[in-house]
Amino acid sequence: MNNSTLPQGVTTETISLRLGHPDPATLGTPDFQEAVQRVMASPQAAHALAYGNEQGSMDLIAYLVERINREQHLALGMENVVITAGSTNATDMIARLYTQPGDAVIVEAPSYMDSMHVLRDHRVALYSVLMDAEGMIASELETLLKRLRAENVRVPLLYTIPNFHNPTGITTSAARRKAIITLAREYGLLIVEDDVYRDLAFEAAVPPSYLALAGSEQVIQIGSVSKTIAPGLRVGWMVTSPQRVQRFVDCGTTQMGGGASPLAAQFVAAYCKAGSWDSHLEHIRQLYRARRDALLVALDRYMPPEVTWTHPLGGFFVWLTLPEGMNGAAIKRTAAERGVLVASGEGFFTQPEAYPNHLRLTYSFAALEDIDKAVRILGEVIGSVQNTNP
Ligand SMILES: Cc1ncc(COP(=O)(O)O)c(C=O)c1O
């Protein structure tokens, strides 16, 4: 790989633990190229190149319905799924159709910064609820909901990342999901379950989804191929009630654009129906699990004892908590000068100034053999700051 093919800010001389991207070497596999060729050589090619069906590629929807029903023990139909241009487009559509400016939307503290950005674009007020090792703390959510109700603030949505959360790597426990659903019912919240990492479980199956626990009237589940096939395809989907699917289908951009990413969705359908996604998932789970293991071993070896971190069971991320008073953004800058890129944590919070002492480390992007070196350098940087501010 040369510098011109790398994402912005990353060079061949740096090691990136910063980007939440899949390993570029996993993109565009021979199986995927064959699926593309099959679509382009078929009589359906002209159809796939035209404006699409508003709900999205029916081939892909049929595949997804079967898969979702099998994996999540559901009995959904084609009318429960709509294709989107990735998860981000789904979040944007949900905010556009289900919030009004000034509404409150609840997110985890911390949460995925680009979703917070999308939600803010719709001029909603974001309120966040701290997480512990089991996910969003239900008692804190209840306190917040009581307060907002007393203030007469409308709260249409709760946005959550239940599996291998970005940025913490935490998976919300089944008990916590149930407690959150009870509150969502009591306070009339629609749960937006952004589940883009669910297929990257390294150890055991993920807990039952919000969709399975609460049903499609209460939940919009979002999926995407960005983390496990290729983000450049811009293919994702929403699973929810038929009435909501119809509302997404009827909205202006879907009608005018002829549905989302019709050609890319057709490529994905051909790839998945041939069984290639499942074999690719086997491969990348092993790849990322080995890197997760290497990162955790290196953290044990090189981090000062005052630093703590999460132990993700899948996905891309480990979340570091630095000693009180240490500044993650300063650590990030010094590490970058030494060729190691990490994300500092404050941008993942609705109140960044209150949470200066975190880092997010990603293990999906760096080569296995670079991880030990990167964490050694990061440990030295943190140790040297500790020594100058004892
Ligand atoms: C939680 C979460 N949702 C959505 C996305 C983006 O997904 P997409 O490429 O499908 O828009 C990411 C990517 O980092 C993510 O971490």
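Definitions and cut-offs
- Residues numbered from 1 in each chain as written.
- Predicted model: local features only at pLDDT ≥ 70, side-chain atom pairs only at ≥ 80, totals over all residues.
- Domains from an automatic or database assignment.
- Contact = placed C-beta atoms within 7 Å.
- Helix = DSSP H or I, 4+ residues; strand = E, 2+ residues; numbered from the N terminus.
- Nonpolar A, V, L, I, M, F, W, Y, C, P; charged D, E, K, R; others polar.
- Core = buried A, V, L, I, M, F, W, Y, C linked by C-beta atoms within 7 Å.
- Buried ≥ 20, exposed ≤ 12 C-beta atoms within 10 Å, placed from the backbone.
- Pairing = 2+ DSSP bridges.
- Axes fitted to C-alpha atoms, helices over the stretch in contact; angles between N-to-C directions.
- Expected span 1.5 Å × (residues − 1).
- Right-handed = clockwise from strand over helix to strand, strands pointing away.

## Some thoughts on the domain arrangement of the protein chain
The domains assigned to the protein chain are domain 1 (3–20 + 278–388) and domain 2 (31–274). Summarising the inter-unit geometry, the C-alpha centres of domain 1 and domain 2 are found 27 Å apart. Each side of the interface is counted separately: domain 1 has 22 residues, and domain 2 has 25 residues. If you list the elements that add at least two residues to the side of domain 1 that touches domain 2, you get helix H12 (276–302) and strand S11 (317–321). Broken down by element, the residue count for the side of domain 1 that touches domain 2 peaks at seven residues, all from H12. Residues of the side of domain 1 that touches domain 2, tallied by class, amount to ten nonpolar, eight polar and four charged.

## A look at the nonpolar core
Ranked by size, the top nonpolar core spans 111 residues in total, and within it Leu 17, Val 268, Tyr 271, Leu 295, Val 342 and Tyr 363 carry the most contacts. Looking at which domains feed residues into this core, each of domain 1 (3–20 + 278–388) and domain 2 (31–274) gives three or more. Setting aside its immediate chain neighbours within four residues, Tyr 271 contacts Asp 31, Phe 32, Ala 35, Ile 229, Ser 276 and Trp 277.

## Concerning the sheet that holds strand S3 (residues 104–109)
Strand order in the open sheet formed by eight strands is S2-S9-S8-S7-S6-S3-S4-S5, with mixed pairing between adjacent strands. Edge strands, defined here as strands with exactly one partner in the open sheet, are strand S2 (81–84) and strand S5 (135–136). Of the strand pairs in this sheet, strand S4 (residues 125–132) and S5 are connected by two bridges, and their pairing is antiparallel. If you follow Asp 132 over to S5, its bridge partner there is Gly 135. Contacts from helix H3 (residues 58–72) reach S2 and strand S9 (236–239), with the element oriented near 120° to S2. Its contacts with the sheet place helix H6 (residues 138–150) against S3, S4 and S5, and it is angled at close to 155° to S4.

## Considerations on helix H11 (residues 262–273)
Helix length check: H11 (twelve residues) gives 16 Å between terminal C-alpha atoms against 16 Å at 1.5 Å per residue, within 8%. Buried residues dominate H11, accounting for ten of its twelve residues. Positive backbone phi, approximately 85°, marks Gly 275, located one or two places after H11.

## Section: unusual backbone geometry
A cis amide bond links Ala 109 to the next residue, Pro 110, at an omega of 5°. Positionally, Pro 110 belongs in the loop between S3 and helix H5 (113–121). In the segment running from Asn 166 into Pro 167, the intervening peptide bond is cis, with an omega of 15°. Within the secondary structure layout, Pro 167 lies in the loop between strand S6 (157–160) and helix H7 (174–187). Backbone geometry at Arg 123 places phi at a positive 60°, although glycine is not the residue there. Within the fold, Arg 123 resides in the loop between H5 and S4. The exposure class assigned to Arg 123 is exposed, which follows from the 12 C-beta atoms found within 10 Å.

## Points about the pairing of S6
The alternating pattern of S6 places Leu 157 and Tyr 159 and Leu 158 and Thr 160 on opposite faces, both of which are buried. Both S3 and S6 contribute to a ladder of two bridges, which runs parallel. Residue Val 105 lies in a different strand from S6, and its bridge partner there is Leu 157. In this structure, S6 lies alongside strand S7 (residues 190–194), joined through four bridges in parallel fashion. Paired with Leu 157 across the strands is Leu 190, a residue of S7. Since S6 and S7 lie parallel, the crossover through H7 that links them has a hand, and here it is right-handed.

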